[in-house]
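Topology and contacts: notes
What follows is the residue order along each chain.
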Amino acid sequence: MGTARVVFDRWDGRYAERMSAIRSSAVRDLFAAASRPDIISLSGGMPEVSLVPTEAVARAAAAAIREHGTEALQYGSSEGRVQLREIIVELMAESGMRLKADDLIVTAGAQQALDLLAKIFIDPGDTIITEGPTYLGALQAFSAYQPNIVCIPMDDDGMRVDLLEAKLRELGPRGAKFIYTIPNFQNPAGVTLTPERRRKLVDLAREYDIPLIEDDPYGRLRFEGGHAKTLRALDEDVIYLGTTSKIFAPGLRLGWVAAPAPILAKLLLAKQAADLCGSAYAQVTAEKYFTGTRWRRVLQDLTRTYAERRDAMLEALAEHLPPEVRYTRPEGGFFVWVELPEFLDVKPLLAEAVEAGVTYVPGDAFFPDGRGRNCMRLAFCFAKPDDIREGVRRLAEVLEDRLELYRAFQAAGVLEGEAKSA
Ligand SMILES: Cc1ncc(COP(=O)(O)O)c(C=O)c1O
């Protein structure tokens, strides 16, 4: 599976050691298969950009050039345009976070912020803490700097903060460089951290004096239930990553990072080295788009659409999957995490799934160490409800043979230990 071609590389041996730690993104590898018309993609976390009014964006882009041409076409400041940062400050205020334009810098998506954070914090061999499973783009960004990644398990209430506490105690003071978390509708698990655990998490980060990174691309895509306070709203020292990718469009590559002044100064240096400055043209276009109210209706449409698709996926999973398969029930965002009995490895099944006309991302992509082989991430953001239902049906068919085998082994007592833990 995948598009990675094996080619003779006569430069082998010249590359930096760090390149051996970076794995290709399983999602990107699936891109070719996922875009075939006969295949229902439940793999990529692609936003439904067709709901974004292209006419409005075209007007914003044209106005960016017509009204601000010399700025939009010129190099800009490394921290990003103050006009856009002020808009971001207002957006964050709507989610209960108080800060000033000087407290954040604009980045090329939240992804660049992850890379910059890794660059300023991680030396080879440093320990960092993430949820397990976690966002694979973060694993890619962090791995390049050769850390030891410690994963804290989650349950339906998000990160097991009790296990985090035990781990921090074990590591001792300054034992980890940072903690990285996605509290809302986690990618890939779909779960959300409870308010009690949020409080405990920021308290622990303070107690152990460890930078806490909150990555929040999906926070505004809530389908039901009340919004929990962000970690940044609970503690101003939290490093907060935001993005316009899910509330507007990823094509502009606009995100941001808000952080305490000393950390922000380091991030700015790292950003200058990476790309001097972000695209002023994209920034002015976004300023135009976010001025006015149209984007709020678009965001409502997006949220409603994703909620319908989430419903379609959960209904289909309930209908087609047998009881030994567990899955999460996200209240927002893009993803459902599916867990099969432990002995099942979903990676080799992917080729069969593609053959049957459906894709998913095997769970081991979301761990640094090969765990998660019996799990898969399903994205409900992109396919239409009927396709989601059909995709889950196809997937269930592929899984059914293996589950039959599992049951037969279980009945024969071959999986004694396994049967107990499954
Ligand atoms: C948890 C998480 N963080 C960061 C990103 C990167 O987003 P951006 O498009 O802003 O780079 C994504 C994208 O899917 C994500 O899911």
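About the thresholds
Residues numbered from 1 in each chain as written. Predicted model: local features only at pLDDT ≥ 70, side-chain atom pairs only at ≥ 80, totals over all residues. Helix = DSSP H or I, 4+ residues; strand = E, 2+ residues; numbered from the N terminus. Contact = placed C-beta atoms within 7 Å. Expected span 1.5 Å × (residues − 1). Buried ≥ 20, exposed ≤ 12 C-beta atoms within 10 Å, placed from the backbone. Pairing = 2+ DSSP bridges. Domains from an automatic or database assignment. Arc of directions from axis to C-beta. Near = placed C-beta within 6 Å. Nonpolar A, V, L, I, M, F, W, Y, C, P; charged D, E, K, R; others polar. Axes fitted to C-alpha atoms, helices over the stretch in contact; angles between N-to-C directions. Parallel < 35°, antiparallel > 145°, perpendicular 65-115°, else oblique. Left-handed = near helix turned anticlockwise from the far one by under 90°. Core = buried A, V, L, I, M, F, W, Y, C linked by C-beta atoms within 7 Å.

1. Observations regarding the overall build of the protein chain
For the protein chain, the count of helices and strands is 15 helices and 14 strands. Across its three principal directions, the C-alpha atoms of the protein chain cover 70 × 55 × 55 Å. Residue pairs in contact within the protein chain that sit at least 24 positions apart in sequence constitute 76% of those at least 6 positions apart.

2. Overview of helix α5 (residues 109-121)
Spanning 13 residues, α5 covers 19 Å between terminal C-alpha atoms, matching the ideal 18 Å at 1.5 Å per step. The element α5 is extensively covered by neighbouring structure, given that 12 of its 13 residues are classed as buried. Among the residues of α5, Gly109, Ala110, Gln111, Gln112, Ala113, Leu114, Asp115, Leu116, Leu117, Ala118, Ile120 and Phe121 are the ones counted as buried. Buried positions along α5 lie against β2 (104-107), α6 (136-143), β7 (212-215), β8 (239-243), β9 (255-258) and α10 (261-275).

3. Topic: the sheet that holds strand β10 (residues 326-327)
Sheet architecture is open: four strands sit in the order β10-β11-β14-β13, paired in antiparallel fashion. Two strands close off the open sheet at either side, each with one partner strand: β10 and β13 (361-362). Pairing analysis gives five bridges linking strand β11 (residues 335-339) to strand β14 (residues 375-379), with the strands arranged antiparallel. When the sheet's bridge partners are listed, Trp337 is paired in β14 with Arg377.

4. Notes on the domain arrangement of the protein chain
Taken domain by domain, the protein chain holds domain 1 (17-51 + 296-421) and domain 2 (54-290). Relative placement of domain 1 and domain 2: their C-alpha centres are 26 Å apart. At the interface, 31 residues of domain 1 touch 34 residues of domain 2. Taken together, the elements giving at least two residues each to the side of domain 1 that touches domain 2 come down to α1 (26-29), α12 (294-320) and β11. At five residues, α12 tops the list of elements feeding residues into the side of domain 1 that touches domain 2.

5. Regarding helix α4 (residues 82-94)
Given 3.6 residues per turn, any residue in an α-helix points the same way as the ones three and four places further on. With 13 residues, α4 should cover 18 Å at 1.5 Å per step; its first-to-last C-alpha distance of 19 Å lies within 8% of that length. Listing the buried residues of α4 in full gives Leu84, Arg85, Ile88 and Met92. The buried residues of α4 all sit within an arc of 95 degrees when viewed along its axis, so they share a single face. For α4, the exposed residues lying more than 90 degrees away from the buried face are Val82, Glu90, Ala93 and Glu94. As for α4, its buried residues are in contact with β2, β8, β9 and α11 (280-290). Downstream of α4 by one or two residues, Gly96 has phi in the positive range, about 80 degrees.

6. A look at the site of the ligand
The local shell around the ligand holds 14 residues, among which Gly109, Ala110, Gln111, Thr243 and Ser245 are the closest. At three residues, α5 tops the list of elements feeding residues into the shell around the ligand. Of the residues belonging to the shell around the ligand, the class tally is five nonpolar, eight polar and one charged.

7. With respect to unusual backbone geometry
Of the consecutive residues Gly132 and Pro133, the connecting peptide bond is found in the cis state with omega at 5 degrees. Within the secondary structure layout, Pro133 lies in the loop between β3 (127-132) and α6. Positive phi, normally seen in glycine, also occurs at Arg174, with a value near 55 degrees. Topologically, Arg174 is positioned in the loop between α7 (161-171) and β6 (179-181).

8. Comments concerning the pairing of β11
Burial analysis of β11 places four of its five residues in the buried class, the great majority of the element. One ladder, built from two bridges, connects β10 with β11; its direction is antiparallel. Its bridge partner lying in β11, Arg326 is registered against Glu339.

9. Brief notes about the packing of α12 against helix α14 (residues 385-411)
In the contact formed by α12 and α14, the axes pass within 9 Å of each other and the chain directions differ by 30 degrees. Taken together, the axis directions place α12 and α14 in an arrangement best described as roughly parallel. The handedness of the crossing between α12 and α14 comes out as right-handed. Seen from α12, the contacting residues are Glu308, Arg309, Ala312, Met313, Ala316, Leu317 and His320; seen from α14, they are Pro385, Ile388, Arg389, Val392, Arg393 and Ala396. Of the residues that constitute the contact of α12 with α14, the class distribution is eight nonpolar, one polar and four charged.

10. So, the nonpolar core
Ranked by internal contacts, the top residues of the largest apolar core, which has 118 residues, are Leu117, Phe142, Ile179, Leu212, Val257, Met313 and Leu378. With eight residues, α5 is the largest single contributor of residues to this core. Both domain 1 (17-51 + 296-421) and domain 2 (54-290) contribute no fewer than three residues apiece to this core. Residues contacting Leu212, with those up to four places away along its chain left out, are Ile179, Val202, Ala205, Leu231, Val238 and Ile239.

11. Quick look at the environment of Pro330
Following the sequence through the fold, Pro330 ends up in the loop between β10 and β11. For Pro330, a count of 26 C-beta atoms within 10 Å gives the class buried. Residues in contact with Pro330, not counting those within four places in the same chain, are Phe185, Gly190, Arg310, Phe335 and Val336.

12. Thoughts on the environment of Arg310
Looking at where Arg310 falls in the secondary structure, it is placed in helix α12. Along the sequence, Arg310 and Phe334 sit 24 residues apart, while their C-alpha atoms lie 7.8 Å from each other.

13. Here we look at the sheet that holds β2
Taken in spatial order, the eight strands make up an open sheet running β2-β9-β8-β7-β6-β3-β4-β5, and their pairing is mixed. For this open sheet the edge positions go to β2 and β5 (158-159), each flanked by a neighbour on one side alone. Relative to β2, α4 is tilted by about 110 degrees, and along the sheet it contacts β2, β8 and β9.

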